[in-house]
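Here is how the chains run, residue by residue.
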Amino acid sequence: MKVTDHIINAQGKTQFSFEILPPLKGQNISEIFNQMDPLMEFKPPFVDVTYHREEYVYKELENGLLQKKVVRKRPGTVGICAAIQNKYQVDAIPHILCGGFTKEDTENFLIDLGFLGIDNVMALRGDAVKTETYFAPEKNGHSYAGDLVRQISELNKGTYLDTEIENQAKTDFCIGVAGYPEKHMEAPSLDSDIHFLKKKIKQGATYIVTQMFFDNTKYFEFVKKCRDAGITVPIIPGLKPLATKKQLNLIPHRFSLELPDPLISQVIKCKNNAAVRQVGVEWCIQQSKELIAAKVPVLHYYSMGKSDNIKAIAADLF
């Protein structure tokens, strides 16, 4: 079922969802099920599965030369989505990126998803890999998420890259895109960010999931700006509980966002990460309660490979 249909069927009740990482190469699918099992009692209508593109590493040889090696640390997004839908009977949403994909790769990826009965995709540009200063698309790939959205929309109409294909079957994907309440790190302003977000909606995206934020005011202001700009699709807030002191520095740098001073003060006073984890859970619960009161369609949690703190939050709310 499409995300938009789940939202309609909920009739105004806030739903619970979360995002998972594929296991590291060499680990078993049971790693994913162990994360998900504790959360399924809260009846998520859908679960997101991230995609991790290839990276390049350089291995020094005995002669002193460097050998370039391609690695993917977390493969398996499509297979994991199929396994989740089969085991739990919930919709699994694969992330699909511009980075690492040609347009032909994208089309074939989408065809596979259609064969598997996957109804939703999350269309993202993706970040630059470690060897890039700035994001660089594949040759004959997409530079922007909006272009990726357009290709998915065209396939929904039965338009393939090869226009000579006969009996062009239409796909029927519900397309999600990312929104940034504190603007994307590469955007010159929030207004310009929303301008391009609106273009993604015009190109066929039907819902938005936000980057994590820790101050609900940022979300509410973002939603108002979107509505004022004529964006009417559901805007799902993305949340993450803090879990370590290190994240005080890591998260603002990595995701280009601000942490509220009261949260920072509480974390600094913690004697260990167990205490930080409790602070993070309590802060996220209060965020969630305010968002539920505001009748957001879904609360979407970034698990980052851990589910115990997400379960503690969900148990208080759902």
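Procedures and definitions
- Residues numbered from 1 in each chain as written.
- Predicted model: local features only at pLDDT ≥ 70, side-chain atom pairs only at ≥ 80, totals over all residues.
- Heavy atoms only, no water.
- 1 Å grid on protein atoms, 1.4 Å probe; cavity = no way out; pocket = protein on both sides within 12 Å on 5 of 7 lines; lining within 4 Å.
- Points joined across faces, edges and corners; volume = space filled by probe spheres on them.
- Nonpolar A, V, L, I, M, F, W, Y, C, P; charged D, E, K, R; others polar.
- Phe/Tyr/Trp six-rings, centres within 6.5 Å; stacked < 30°, edge-to-face > 60°.
- Helix = DSSP H or I, 4+ residues; strand = E, 2+ residues; numbered from the N terminus.
- Buried < 20%, exposed > 50% of the residue type's maximum accessible area, 1.4 Å probe, protein only.
- Pairing = 2+ DSSP bridges.
- Axes fitted to C-alpha atoms, helices over the stretch in contact; angles between N-to-C directions.
- Contact = heavy atoms within 4.5 Å.

Student: Tell me what's going on with empty space enclosed by the protein, and back it up with residues and numbers.
Tutor: Unoccupied space between atoms shows up once a probe the size of one water molecule is rolled over them. Throughout the structure, instances matching the rule amount to 1 cavity of 30 Å³ or more. Considering only enclosed or pocket space, the largest cavity measures out at about 40 Å³ in volume. Here the residues of the lining of the largest cavity sort into 6 nonpolar, 2 polar and 2 charged.

Student: Now, about the layout of surface pockets: what can you tell me, with residues and values included?
Tutor: Empty space within the second largest pocket amounts to approximately 230 Å³. As for the second largest pocket, its lining consists of Ala10, Lys13, Thr14, Gln15, Phe16, Glu41, Phe42, Lys43, Ile292, Leu317 and Phe318. Broken down by class, the residue content of the lining of the second largest pocket amounts to 6 nonpolar, 2 polar and 3 charged.

Student: I'd like a description of the packing of aromatic side chains, backed by residues and values.
Tutor: Under the criterion given, the structure shown has 10 aromatic pairs. On the basis of an interplanar angle of 75° and a centroid distance of 5.8 Å, the ring pair of Phe33 and Tyr88 is categorised as edge-to-face. Placement of Phe33 in helix 2 (residues 30-36) and of Tyr88 in helix 3 (residues 77-88) is noted, with a sequence separation of 55 residues between them. Given the relative accessible area of 15%, Tyr88 is considered buried. When the ring of Tyr219 is compared with that of Phe220, the centres are 5.6 Å apart and the planes differ by 65°; the resulting orientation is edge-to-face.

Student: Just give me the short version of the sheet that holds strand 7 (residues 174-179), but keep the residues and values in it.
Tutor: If you walk around this closed barrel you meet the 8 strands as 1-2-5-6-7-8-9-10, and the pairing is parallel. Strand-to-strand twist in this sheet, taken as the mean axis angle between neighbours without regard to direction, amounts to 30°. As defined by bridge partners, strand 5 (residues 91-97) adjoins strand 6 (residues 120-124) across 3 bridges and the pair is classed as parallel. The residue of strand 6 that forms the bridge with His95 is Met122. Its contacts with the sheet put helix 4 (residues 103-115) on strand 5 and strand 6, and the angle it makes with strand 5 is roughly 175°. Docked against the sheet, helix 11 (residues 308-317) engages strand 1 (15-20) and strand 10 (298-302), running at close to 160° with respect to strand 10.

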